[in-house]
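# Remarks on the overall topology
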Amino acid sequence: MSKINIERADANFKYEVASHPGAENIKKCFSCGTCTGACPVFRVESDYNPRKIIRQILLGLRKEVLQSKEIWLCARCYSCTAHCPQGVSFADIIVVLREMAIQEGYAPKNILKKIDEITDCANEFRKDCINRITGNNSLSEHEIVSKVRTKVAGLR
Ligand code: SF4
Ligand code: SF4
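Residues numbered from 1 in each chain as written. Chains lettered and ligands numbered in written order. Predicted model: local features only at pLDDT ≥ 70, side-chain atom pairs only at ≥ 80, totals over all residues. Heavy atoms only, no water.

## Some words on the overall build of the protein
Cut-off, in case you're wondering: Helix and strand labels come from DSSP, where a helix needs a run of H or I of at least four residues and a strand needs a run of E of at least two; each type is numbered from the N terminus. Exposed residues in this analysis have more than 50% of their type's maximum accessible area, buried residues have under 20%, and partly exposed residues fall in between, with area computed by a 1.4 Å probe over protein chains only.
Each helix and strand counted, the protein has nine helices and zero strands in total. Ordered by position from the N terminus, the helices and strands of the protein form the series α-α-α-α-α-α-α-α-α. Projected onto its principal axes, the C-alpha coordinates of the protein cover approximately 55 × 35 × 30 Å. Here the protein holds 156 residues, and 34% of them are scored as buried.

In structure tokens, the structure reads:
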């Protein structure tokens with residue numbers, strides 16, 4: 001585990017985050033980890049950990065949070081929000097973090113549009129695969145992969 005440089009901590013960070021609609025309850029987090037256990041992204045990327053990101057915010061690690069790739073991995077499915085015993089809505093907190101990251105120059109301005117395109121691509125891939133296994137789709141395996149390749153190429 002990396003050491004925390006307390007001199008770089010921003011004591012106002014948590015208050016700034018909490019001032020946004022939907023993020024008000026962040027200070028109630030008692031670090032139980034239920035959000036992480038309920039997160040579908042954590043299942044495929046163990047470095048992605050909502051509990052840890054909340055802890056970093058509460059510790060004032062502004063730069064570490066806003067420059068991290070993790071804040072872009074959230075699929076905004078609201079599973080964490082639905083399961084949190086303290087009423088913390090990480091799915092809303094992540095929106096605040098993304099907006100701060102763009103405003104403070106840690107991410108390109110068009111990144112939100114790209115994230116939406118990735119979500120659309122993932123949903124379409126999922127739909128095609130489910131149609132295939134349920135026999136409701138005439139697309140071949142090659143055609144499904146080809147569609148994804150075209151979408152991914154368009155993201156550059
Ligand atoms: S489930 Fe809620 S209280 Fe538990 S770590 Fe996540 S945000 Fe904090
Ligand atoms: S909203 Fe984001 S952090 Fe919460 S469970 Fe879904 S993917 Fe995970």
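Picking up where we left off.
## Some words on helix H4 (residues 50–58)
Let me state the cut-off plainly: Contacts are assigned to residue pairs with any non-hydrogen atoms lying within 4.5 Å of each other.
Within H4, the full set of buried residues consists of Pro50, Ile53, Ile54, Gln56, Ile57 and Leu58. Here the buried face of H4 lies against helix H1 (13–18), helix H2 (34–37), helix H5 (62–66) and helix H7 (90–103). The positive-phi residue at the C-terminal boundary of H4 is Gly60, with phi of around 85°.

## Considerations on the nonpolar core
As a reminder, the rule being used: Side-chain atoms within 4.5 Å are what join buried Ala, Val, Leu, Ile, Met, Phe, Trp, Tyr and Cys residues into a set we call a nonpolar core.
Core analysis: the largest hydrophobic core is formed by 34 residues, its most contacted members being Val17, Ile57, Ile93 and Leu97. Of all the secondary structure elements, the ones that give two or more residues to this core are H1, H4, H5, H7 and helix H8 (111–133). The element best represented in this core is H7, accounting for nine residues. Beyond its immediate stretch of four places on either side in the chain, Leu97 contacts Phe13, Val17, Ile53, Ile57, Val65, Leu66 and Ile71.

## A look at empty space enclosed by the protein
To be explicit about the condition: Computed over the protein atoms alone on a 1 Å grid, cavities are sets of points where a 1.4 Å probe fits but cannot get out and pockets are open sets with protein on both sides within 12 Å along at least five of seven lines; a residue lines them when it has an atom within 4 Å of a point. Grid points are joined across faces, edges and corners, and a volume is the space filled by probe spheres set on the points. Basically, the charged four are Asp, Glu, Lys and Arg, the nonpolar ten are Ala, Val, Leu, Ile, Met, Phe, Trp, Tyr, Cys and Pro, and anything else, Gly included, counts as polar.
By the definition in use, this model includes three cavities of 30 Å³ or more. In this structure, the largest cavity occupies an estimated 100 Å³ of space. The residue makeup of the lining of the largest cavity, split by class, is nine nonpolar, three polar and one charged. Of the voids in this model, the second largest cavity is the one considered here, and its volume is about 70 Å³. Partitioned by chemical class, the residues of the lining of the second largest cavity number 11 nonpolar, no polar and one charged.

## Overview of the site of ligand 1
The condition that has to hold: We call a residue near a given molecule or strand whenever any one of its heavy atoms falls within 4 Å of it. Assignment to a cavity or pocket requires that more than half of a molecule's atoms be within 2 Å of the site's grid points.
By nearness alone, 13 residues border ligand 1, and Cys29, Cys32, Gly33, Cys35 and Cys84 come closest of all. Of all the cavities here, the one that holds ligand 1 is the largest cavity. Elements represented by at least two residues in the shell around ligand 1 include exactly H2 and H4. Looking at side-chain class alone, the shell around ligand 1 contains eight nonpolar, four polar and one charged residues.

## A look at the site of ligand 2
The local shell around ligand 2 holds 14 residues, among which Cys39, Tyr48, Cys74, Cys77 and Cys80 are the closest. Given that more than half its atoms are within 2 Å of the pocket grid, ligand 2 belongs to the second largest cavity. When contributions to the shell around ligand 2 are tallied by element, the ones reaching two or more residues are helix H3 (40–44), helix H6 (79–83) and H7.

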